Amino acid sequence: PRATKTTLFAARELSDKEKKEQYWQGEWVCADCGYIYDRKIFGGRYFEEQTYGFKCPQCSGPRRRYAKKIGDTVGVTLDGGDGPILFWSGLGFL
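Everything quoted here is computed from the prediction, not taken from an experiment. (Residues numbered from 1 in each chain as written. Predicted model: local features only at pLDDT ≥ 70, side-chain atom pairs only at ≥ 80, totals over all residues. Heavy atoms only, no water.)

## Brief notes about the nonpolar core
Of all hydrophobic cores here, the largest spans 8 residues; its members are Trp 28, Cys 30, Tyr 35, Tyr 37, Phe 47, Phe 54, Cys 56 and Tyr 66. Excluding residues that lie within four positions of it along the chain, Phe 47 makes contacts with Trp 28, Tyr 37, Phe 54, Arg 63 and Tyr 66. (Core = buried A, V, L, I, M, F, W, Y, C linked by side-chain atoms within 4.5 Å. Buried < 20%, exposed > 50% of the residue type's maximum accessible area, 1.4 Å probe, protein only. Contact = heavy atoms within 4.5 Å.)

## A look at the confidence of the model for the chain
A residue-level look at the chain finds 72% of positions with pLDDT of 70 or above and a mean pLDDT of 78. For the chain, helix α1 (residues 5–9) is the element with the lowest average pLDDT, namely 47, and strand β1 (residues 27–30) is the one with the highest, namely 92. Taken as a whole, residues 6–10 scores under 50 in pLDDT and shows 1 contact with residues more than four places along the chain or in a different chain. (pLDDT = per-residue confidence, 0-100. Helix = DSSP H or I, 4+ residues; strand = E, 2+ residues; numbered from the N terminus.)

## Comments concerning the side chain of Gln 50
Examined against the element boundaries, Gln 50 turns out to sit in the loop between β1 and β2 (66–70). Note on Gln 50: relative accessible area 11%, which makes it buried. Setting aside residues up to four positions removed in sequence, Gln 50 forms contacts with Tyr 37, Phe 42, Arg 45 and Arg 63.

## Section: the layout of surface pockets
Counted as a void, the largest pocket has a volume near 170 Å³. The wall of the largest pocket is formed by Trp 24, Gln 25, Gly 26, Glu 27, Trp 28, Tyr 37, Asp 38, Arg 39, Tyr 46, Phe 47 and Glu 48. (1 Å grid on protein atoms, 1.4 Å probe; cavity = no way out; pocket = protein on both sides within 12 Å on 5 of 7 lines; lining within 4 Å. Points joined across faces, edges and corners; volume = space filled by probe spheres on them.)

## Brief notes about the environment of Gly 34
Note on placement: Gly 34 falls in the loop between β1 and β2. For the pair formed by Gly 34 and Cys 59, sequence separation is 25 residues and the distance between their alpha carbons is 9.4 Å.

## Considerations on the packing of aromatic side chains
Each aromatic ring pair is summarised here by two numbers: the centre-to-centre distance and the angle between the ring planes. The final tally for this structure, using the stated rule, is 9 aromatic pairs. Judged by centre distance (5.6 Å) and plane angle (70°), the ring pair of Phe 42 and Phe 54 falls under edge-to-face. You can see Phe 42 sitting in the loop between β1 and β2 and its partner Phe 54 sitting in the loop between β1 and β2, a full 12 residues away along the chain. Take Phe 42: its relative accessible area is 25%, and that puts it in the partly exposed class. Aromatic side chains Phe 47 and Phe 54 sit 5.9 Å apart centroid to centroid with 85° between the ring planes, which places their arrangement in the edge-to-face category. Considered together, Phe 47 and Phe 54 belong to a single accessibility category, that of buried residues. (Phe/Tyr/Trp six-rings, centres within 6.5 Å; stacked < 30°, edge-to-face > 60°.)

Next comes the structure, spelled out in structure tokens:
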């Protein structure tokens, strides 16, 4: 039988082990109100599994307003921040 697009591109369900390896194990924090996402409240669902339309239960902020919490800092990356971008953008104007 011929495979259809649906069967070729169907997303398979990740195992619990794969979820632990691929999903953020730290806290997700709403940047608007500081609410910390708690998997237990949402039936064990990882934040990454929340679908479009998810809202913060405290302030109704959209999903995109959540950031990863690393230590006491929220939304920080270890890639050097905006400094290199601003530097090379400014250099481009010369």
